[in-house]
Amino acid sequence: MVTGEGGWFTHDRFGLFVHFGLYSGLARHEWVMTRERTPAQEYEKNAEFLRP
């Protein structure tokens, strides 16, 4: 028997992996820099808006 509201989550072996980085502010995938061929200097400008 699983107790607690979220007990089923652990019992059923679900997990959660949070992706967080400069790309999250762009609201796109983690490979945004590579796939969109963004130069490093341009991509680094996003650090100004990252507030972890």
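Thresholds, definitions, all that
- Residues numbered from 1 in each chain as written.
- Predicted model: local features only at pLDDT ≥ 70, side-chain atom pairs only at ≥ 80, totals over all residues.
- Heavy atoms only, no water.
- Helix = DSSP H or I, 4+ residues; strand = E, 2+ residues; numbered from the N terminus.
- Buried < 20%, exposed > 50% of the residue type's maximum accessible area, 1.4 Å probe, protein only.
- Polar contact = N/O pair within 3.5 Å; in protein donor to acceptor, adjacent residues only side chain to side chain.

1. Section: unusual backbone geometry
Moving on, step 1. Despite not being glycine, Ala 27 has its phi angle at roughly 60 degrees, a positive value.
Moving on, step 2. Its place among the elements puts Ala 27 in the loop between helix 1 (7–11) and helix 2 (32–35).
Moving on, step 3. Classification of Ala 27 by relative accessible area gives exposed; the value is 68%.
Moving on, step 4. In this structure, Arg 37 takes a positive phi of about 50 degrees despite not being glycine.

2. Concerning the environment of Asp 12
Moving on, step 1. Counting through the fold element by element, Asp 12 comes out in the loop between helix 1 and helix 2.
Moving on, step 2. The sequence separation of Asp 12 and Pro 39 amounts to 27 residues, and the corresponding C-alpha distance is 42 Å.
Moving on, step 3. Side-chain polar atoms of Asp 12 contact the side chain of His 11, separated by 3.0 Å.

Note that every value here comes from positions in space, so none of it alone points to a role or purpose.
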